[in-house]
Amino acid sequence: MENKAYFFAVDLGATSGRTIIGSIADGRLEQEEITRFPNNLIETGGHFYWDIYALYFEMIRGLKEVARRGLTITSIGIDTWGVDFVFVGDDGAILRNPMAYRDPHTFEAMDDYLCHIVQRREVYDITGIQFMNFNSLFQLYAMQKAGNTAMKHCKKVLFVPDALSWMLTGEAVCEYTIASTSQMLDPRTGDLSERLIESVGLTRGHFGRMVQPDTQIGVLTEEVQKMTGLGPVPVIAVAGHDTGAAVAAVPAKNERFAYLSSGTWSLMGIETKEAIINDRSYELNFTNEGGIEGTTRFLKNICGMWLYERCRKEFKDSTGEPLTASHQELQGSAMQVEAFRSIINPDDAAFANPSSMIEAIQQYCRKTGQAVPETPAEICRCIFDSLALRYKQVFGWLKEFYLSTAKPSSTVGDPTAKPSSTEPVAALNVLHVIGGGSLNRYLNQFTADALGVEVLAGPQECTAIGNIMLQAKAMGLVKDVWEMRAIIAASVDMVAYHPSDNKAAWDEAYDKYLEITK
C-alpha cells in the first residue's frame, strides 16, 4: 500500500476540518482520513474571526503525518466554505485573521449597499448570485464603511482556500468556484467585475490571477518542504468551494440529473453550460455558482436539517429531561404520525434563527389554521413532510429552467451530437442526494414520492471525493468529469428510492402546501 501515489485533500467546513489521502487503482477510489480537527471561531473586539494560522498548522500536521508514514504524495488540494477572505500586505504578511461570515457587521450592509451604491437588479444581472447579507461584496462594503485598517493597507485579497494555497506555495490565485460565491464574479466574462470591485474601493489587481479547477498553482515552498519532510509537491486549485467539489463528485451517468446537497442546509440545483440570469431566476432568487469544466451550478438554497437539528436539541421526555432517543428511534416514531397533518414553509423567515424552533413551528401552524404539532414525533413528521414538499416546488422550478436550456434527448451525454429541431428535450429523471442528509432514508423516500423521480442517495463524504478526483484529473489520471463520476459510482454505495403508489396523496398535500405558503 505504501508504494501507491496518494492525493492529499484538505477539506474545511465552518465547524471542523480534516485531511484525507486518496488513491485510484483499477478504476476505483480508495481514501483514508489522516487528521480531524475543530475550526473554531474567535470572538474579540466585537467581531468574529477564523484562525487562519490554526488551519495552516493543521494542514502542516497532516502533511507531516503522511511524510512520517513514508507515503508518496502526488499533489495537494484545498476546499473550504465560501465568501470569506484574507488580506495580505505589501510585505507578504497576513494583516489580520479573516472575519467570519457570521459576523454581525454585515446585517445592515446589504440593504445599504443596494440602496446607495449599486441597485439590486444590476448586481444580479452582473453576477447571477442570490442575495445574502454575508456575501463577500457586502462584507467588503461593511469593512470599507467602517474604515477597516487591514482592508485599507492590503495588497492582495485572497479567498480562504486561495490564502491557504498561497501559504503553502507563495503563489496568489483566485480560483473560479470560490470566487463565484463572492457576488463579484461575472460568469459571462469568467472574471471578477471591475464595476463591483471598484464600488467597494478595490481594483482587479487586489485579487490573484483567475484559475479554473484542476489547475496547478505551484509547489510547496522550501520552508514547507523543510517543515514537513516532503519534496516540491504540486498544489492544485481544485474546486475551492466545498459545494463545487461536492457537485463534481455526484455519481451521475449523464446530464439529466439534479442534485441535492443535504445537510444543515440543502442546496438543490442542476449543472448548466451557461449561467441562467433572467427575470424568472431573479424573481425566484436562484444562484449561478462556478462549476468544473466551464459549467455553472444553478441552484437554490433551502433550509435543510437545520429545523430538525434545532428541534432535537429542545425535545424533552415525559419527565422534562432532554430526550435521549436516537435519530433512528425519533424518525421512526415520526412515521407513525398522520401524514400532512401540519405543513410549514421551511424557508419562511420565522425559522432563520428563532430562540425556540419548536415554538416557531407551532406558531406558524396556528397562524395558518392547522393542527399544532405537540410531540417530538409530530414535529419531526411536520419537518420531513414540509421539506419534501419544498423540494418538490424547487425541483419543479429546476425542470422549468432545465427544459429551457437542455439539448434534445438523443444528444444527452454526447456533446458532439447535432440534434434535430423536432426531437423532444429530455427531462430531468433522477435526483442525486449527497452529504450527511443522504443517510435519512425516510426523507429520501418522501422526496422520491413528492418529486415522482428516482432518488439516489450517496456518497455522504462527497466533498473530499471531489477534491481528490479533481487532483487526479489535473495529474492526467482521468480525462473528464464523466470519467471521474464513473470511478466514483464504482467506488461508493448508493441507495435507490423509487416513487411509491401514493402520488394522489402527495399531489393533494402539495396543493395544501401551496395554499399555506402563498
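Higher on the page you've got the structure.
What you are looking at is a predicted structure, and each value in this text was computed from that prediction instead of being measured. (Residues numbered from 1 in each chain as written. Predicted model: local features only at pLDDT ≥ 70, side-chain atom pairs only at ≥ 80, totals over all residues. Heavy atoms only, no water.)

(A) Focus on the sheet that holds strand β2 (residues 16-25). Ordered in space as β3-β2-β1-β6-β14-β13, the six strands form an open sheet in which the pairing is mixed. Looking at strand neighbours, the two that pair on one side only are β3 (28-38) and β13 (215-219), the edges of this open sheet. For this sheet, the mean inter-axis angle between neighbouring strands, taken without regard to orientation, is 25 degrees. Its contacts with the sheet place helix α17 (residues 462-474) against β1 (5-12), β2, β3, β6 (72-79) and β14 (234-237), and it is angled at close to 135 degrees to β1. (Pairing = 2+ DSSP bridges. Helix = DSSP H or I, 4+ residues; strand = E, 2+ residues; numbered from the N terminus. Axes fitted to C-alpha atoms, helices over the stretch in contact; angles between N-to-C directions. Contact = heavy atoms within 4.5 Å.)

(B) Local environment of the sheet that holds strand β17 (residues 287-290). Pairing in this open sheet of seven strands is mixed, and the strands run β17-β18-β16-β15-β19-β20-β21 from one edge to the other. Each edge of the open sheet carries a strand with a single partner, namely β17 and β21 (495-497). Within this sheet the neighbouring strands show an average axis-to-axis angle of 30 degrees, counted without direction. Pairing geometry for strand β15 (residues 257-262) and strand β16 (residues 265-272), over four bridges, is antiparallel. Considered in β16, the bridge of Leu 260 is made with Met 268.

(C) Region of the structure containing the packing of aromatic side chains. A complete count under the given rule lists 19 aromatic pairs for this structure. For the pair Trp 50 and Trp 81, a centre-to-centre distance of 4.5 Å together with 45 degrees between the ring planes defines the contact as tilted. Here Trp 81 lies in the loop between β6 and β7 (85-88) and Trp 50 lies in strand β5 (residues 47-50), a separation of 31 residues in the sequence. Summarising the aromatic geometry, the rings of Phe 286 and Phe 298 are spaced 4.9 Å apart at their centres and angled 10 degrees between planes, so their arrangement reads as stacked. Pair noted here: Phe 286 is in the loop between α11 (279-283) and β17 and Phe 298 is in strand β18 (residues 296-303), with a separation of 12 residues, a long-range link. For Phe 298, a relative accessible area of 0% puts it in the buried group. Every member of this aromatic cluster is reached through a ring pair, and the members are Trp 50, Trp 81, Tyr 101 and Phe 134. Geometry around Phe 286 places Lys 300 over its ring, the cationic atom sitting 5.6 Å from the centre. (Phe/Tyr/Trp six-rings, centres within 6.5 Å; stacked < 30°, edge-to-face > 60°. Buried < 20%, exposed > 50% of the residue type's maximum accessible area, 1.4 Å probe, protein only. Lys NZ or Arg CZ within 6 Å of the ring centre and 35° of its normal.)

(D) The pattern of salt bridges, seen in detail. Tallying each qualifying case throughout the model produces 27 salt bridges. One salt bridge connects Arg 485 with Glu 271, and the closest N-O pair in it is separated by 2.7 Å. Of the two residues, Arg 485 is situated in helix α18 (residues 481-491) and Glu 271 in strand β16; the sequence distance between them amounts to 214 residues. Where Arg 280 meets Glu 400, a salt bridge forms, and the shortest distance between an N and an O atom there is 3.0 Å. Of this pair, Arg 280 sits in helix α11 while Glu 400 sits in helix α15 (residues 376-405); the two residues are 120 residues apart in sequence, bridging distant segments of the chain. (Salt bridge = Lys/Arg side-chain N within 4 Å of Asp/Glu carboxyl O.)

(E) Expanded view of empty space enclosed by the protein. Taken as a whole, this structure holds four cavities of 30 Å³ or more when the rule is applied. By volume, the largest cavity is sized at about 60 Å³. Tyr 49, Phe 85, Phe 87, Arg 96, Asn 97, Pro 98, Met 99, Met 143, Asn 148 and Ala 150 are the residues that line the largest cavity. Its residues assigned to classes, the lining of the largest cavity shows seven nonpolar, two polar and one charged. A volume near 50 Å³ is recorded for the second largest cavity. Taken together, Ile 78, Pro 161, Asp 162, Ser 165, Glu 175, Ile 217, Ile 236, Ala 237, Val 238 and Gly 240 make up the full set of residues lining the second largest cavity. For the lining of the second largest cavity, the secondary structure elements donating two or more residues are α6 (160-169) and β14. By residue number, the principal contributor to the lining of the second largest cavity is α6, which donates three residues. Residues of the lining of the second largest cavity, tallied by class, amount to six nonpolar, two polar and two charged. (1 Å grid on protein atoms, 1.4 Å probe; cavity = no way out; pocket = protein on both sides within 12 Å on 5 of 7 lines; lining within 4 Å. Points joined across faces, edges and corners; volume = space filled by probe spheres on them. Nonpolar A, V, L, I, M, F, W, Y, C, P; charged D, E, K, R; others polar.)

(F) Region of the structure containing the nonpolar core. Core analysis: the biggest nonpolar cluster contains 64 residues, and Met 268, Ile 361 and Ile 383 have the highest contact counts within it. By residue number, the principal contributor to this core is α15, which donates 15 residues. Residue contacts for Ile 383: discarding those within four places in its chain leaves Leu 307, Tyr 308, Cys 311 and Ile 361. (Core = buried A, V, L, I, M, F, W, Y, C linked by side-chain atoms within 4.5 Å.)

(G) Looking closely at the pairing of β17. Neither face of β17 is left uncovered, since the one carrying Thr 287 and Glu 289 and the one carrying Asn 288 and Gly 290 both have all their residues buried. Examined bridge by bridge, β17 and β18 share four bridges and lie antiparallel to one another. Bridging from a neighbouring strand, Glu 289 pairs with Arg 297 of β18. Hairpin connection from β17 to β18: five residues lie between these consecutive antiparallel strands, with Glu 293 at a positive phi of about 55 degrees.

(H) View of the side chain of Arg 390. Following the sequence through the fold, Arg 390 ends up in helix α15. When neighbours within four sequence positions are excluded, Arg 390 is seen to be in contact with Lys 300, Ile 302, Asn 345, Pro 346, Asp 347, Trp 397 and Tyr 513.

(I) Spatial organisation of the pairing of β14. Of the two faces of β14, the one lined by Pro 234 and Ile 236 and the one lined by Val 235 and Ala 237 are each fully buried. Bridge analysis of β6 against β14 gives two bridges, and the strand direction is parallel. Bridged to Gly 77 within β14 is Ile 236. Bridge count between β13 and β14: four bridges; the pairing is antiparallel. Each bridged residue has a counterpart across the sheet, and for Thr 215 the counterpart in β14 is Ala 237.

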